[in-house]
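Observations on chain architecture
Okay, here's what each chain looks like letter by letter:
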Amino acid sequence: VSEFVDECRREWRRLGVPDPIANEMAADLKADIEEAEAEGGSAEDVLGNSVFEPQRFAASWAGARGVIAAVPPDCSGNSGGRRVVLPVVLTAFAAFLALVAFALLVGHRSASAAVSVRRILGGPISVRPFGRGSVSPPSRMFVFGTQFGGPRNWPLILVAGFLILAGLVALAVAILYWSPWSRRGAQALARAPGRTKWWKWPDR
Amino acid sequence: MGEGAAYGYEMTKRLRARGLSTVGEGSIYPLLGRLERDGLVETRRAASNGGPPRKYYSLSPEGERVLEAGVKEWQATRDAVDGALGLVKVEVGP
């Protein structure tokens, strides 16, 4: 009971609810939950599913009473807008890094290949990564493939590798933030009596 | 609330006794808060049966007027729907 009420108090403080009003709401809530428990029930009998979302519940109640200016979209502090925006930004960042790394590697390989083809065929030649190069006979294209290695630009490859690694880390953070193992999932798990796994709710 | 003043959890129990448990779960507090803000209920703090002082909600004169109008509106809607369903029953009946 006290943990739920404390969470509500924190949220009311964050939203700027005046102390006398917050105290009054906290006292009413505590008394109601204690009465339900004394009758053999639980906090869930009073609050329903709101028992797992104290911040949202507190913000909704204070907003309805008109004791805050407006309920912010992210009233729980760890859900809603922020919960969606951060993973999207991280994923976009990861995709951008991967694209840059890919462009670096392809550019490097094309340049290496051009050098290799130039060595074999002689004369100036241009090779585009996915377009049609100016190498016309198919047999020469085979030569192009076998000579793909060429002299390597190790610093460039290192930078590309680092970018790919950073992208993977950003992607992993995004997935973790979105997953049920994040803070919100852990909170729900901690407050659900008899719930031992995040994917399994106790039988009612 | 028309039956008399009640505090939050008491109202939840009243609703549950009438088969409206989903209304009471968690949403009763914001609902009472909204009614209070709109001046449709009056509140007073009083001691409950052996427990701590509770905030009792009762209808204000404005709340009684709105309730009366709401009940009439609901009954008109219900009658209209019943009428429509009666026609359907006649059409699909044996």
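Residues numbered from 1 in each chain as written. Chains lettered and ligands numbered in written order. Predicted model: local features only at pLDDT ≥ 70, side-chain atom pairs only at ≥ 80, totals over all residues. Heavy atoms only, no water.

**Details of the overall build of chain B**
Secondary structure assignment for chain B yields four helices and two strands. The order of helices and strands in chain B, counted from the N terminus, is α-α-α-β-β-α. Among the 94 residues that make up chain B, the fraction classed as buried is 27%. Relative to all contacts within chain B whose residues are 6 or more apart in sequence, the contacts with residues 24 or more apart total 33%. (Helix = DSSP H or I, 4+ residues; strand = E, 2+ residues; numbered from the N terminus. Buried < 20%, exposed > 50% of the residue type's maximum accessible area, 1.4 Å probe, protein only. Contact = heavy atoms within 4.5 Å.)

**Focus on the confidence of the model for chain A**
All names here are of chain A. The share of residues in chain A with pLDDT of 70 or more is 56%, and the mean pLDDT across the chain is 70. Looking across chain A, the model is least confident in helix H6 (residues 138–146), with a mean pLDDT of 45, and most confident in helix H1 (residues 2–15), with 91. Low pLDDT, under 50, characterises residues 137–149; the predicted model gives this stretch 13 contacts beyond four residues in sequence or across chains. (pLDDT = per-residue confidence, 0-100.)

**A look at the interface of chain A and chain B**
If you look at the interface, chain A gives 20 residues, while chain B gives 19 residues. Roughly 1,600 Å² is buried in total at the junction of chain A and chain B, and carbon and sulfur atoms are behind 46% of that figure. Contact with chain B buries surface across chain A, with A:Asp32, A:Glu35 and A:Ala64 losing the most and accounting together for 27% of the total. For the pair chain A and chain B, the number of links is seven salt bridges. The closest approach of N and O atoms between A:Asp28 and B:Arg45, which form a salt bridge, is 3.2 Å. Viewed at the interface, chain B and chain A are joined by 14 residue pairs in polar contact (both at pLDDT 80 or more). Looking at the side of chain A that touches chain B, the elements that each hand over two or more residues are helix H2 (19–38), helix H3 (43–47) and helix H4 (54–65) of chain A. For the side of chain A that touches chain B, the element with the most residues is H2(A), which contributes seven residues. Of the residues in the side of chain A that touches chain B, the class split is eight nonpolar, five polar and seven charged. (Buried area = accessible area lost by both parts, 1.4 Å probe. Salt bridge = Lys/Arg side-chain N within 4 Å of Asp/Glu carboxyl O. Polar contact = N/O pair within 3.5 Å; in protein donor to acceptor, adjacent residues only side chain to side chain. Nonpolar A, V, L, I, M, F, W, Y, C, P; charged D, E, K, R; others polar.)

**Digging into the pattern of salt bridges**
Taken as a whole, this structure holds 17 salt bridges over all chains when the rule is applied. Between B:Arg54 and A:Glu35 there is a salt bridge whose closest N-O contact spans 3.0 Å. Of this pair, B:Arg54 sits in strand S2 (residues 53–59) while A:Glu35 sits in helix H2, placing the two residues on different chains. The exposure class of B:Arg54 is buried, given its relative accessible area of 3%. Accessibility expressed as a relative area gives 15% for A:Glu35, which makes it buried.

**As for the nonpolar core**
Ranked by internal contacts, the top residues of the largest apolar core, which has 36 residues, are A:Phe4, A:Trp12, A:Val17, A:Leu29, A:Leu47, A:Phe57 and B:Tyr29. Contributions of two or more residues to this core are made by H1, H2, H3 and H4 of chain A together with helix H1 (8–17), helix H3 (28–37), strand S1 (41–47) and S2 of chain B. Of the residues forming this core, the biggest block, six residues, is contributed by H2(A). (Core = buried A, V, L, I, M, F, W, Y, C linked by side-chain atoms within 4.5 Å.)

**Considering H1(A)**
Along an α-helix, residues three or four positions apart point the same way, because every turn accommodates 3.6 residues. Residue and element names in this part refer to chain A. Helix length check: H1 (14 residues) gives 20 Å between terminal C-alpha atoms against 20 Å at 1.5 Å per residue, within 8%. Every buried residue of H1 is accounted for by Phe4, Val5, Glu7, Cys8, Glu11, Trp12 and Leu15. Seen along its axis, H1 keeps its buried residues to an arc of 155°; they face one direction. Remark: glycine 16 follows H1 within two positions and exhibits a positive phi of approximately 80°. (Expected span 1.5 Å × (residues − 1). Arc of directions from axis to C-beta.)

**Description of empty space enclosed by the protein**
Counted by the stated rule, this structure contains two cavities of 30 Å³ or more. In this structure, the second largest cavity spans a volume of roughly 50 Å³. Lining of the second largest cavity is provided by A:Asp28, A:Asp32, A:Trp61, B:Tyr7, B:Gly8, B:Tyr29, B:Arg54, B:Lys55 and B:Tyr57. Looking at side-chain class alone, the lining of the second largest cavity contains four nonpolar, one polar and four charged residues. (1 Å grid on protein atoms, 1.4 Å probe; cavity = no way out; pocket = protein on both sides within 12 Å on 5 of 7 lines; lining within 4 Å. Points joined across faces, edges and corners; volume = space filled by probe spheres on them.)

**Some points on the layout of surface pockets**
All names here are of chain B. The volume enclosed by the largest pocket comes to roughly 600 Å³. What lines the largest pocket is a set of 19 residues, and nearest its centre among them are Met1, Gly2, Leu15, Leu35 and Leu67. Elements with a contribution of two residues or more to the lining of the largest pocket: H1, H3 and helix H4 (61–92). A per-element tally of the lining of the largest pocket places H3 first, with four residues. Grouping the amino acids of the lining of the largest pocket by side-chain chemistry returns 14 nonpolar, two polar and three charged.

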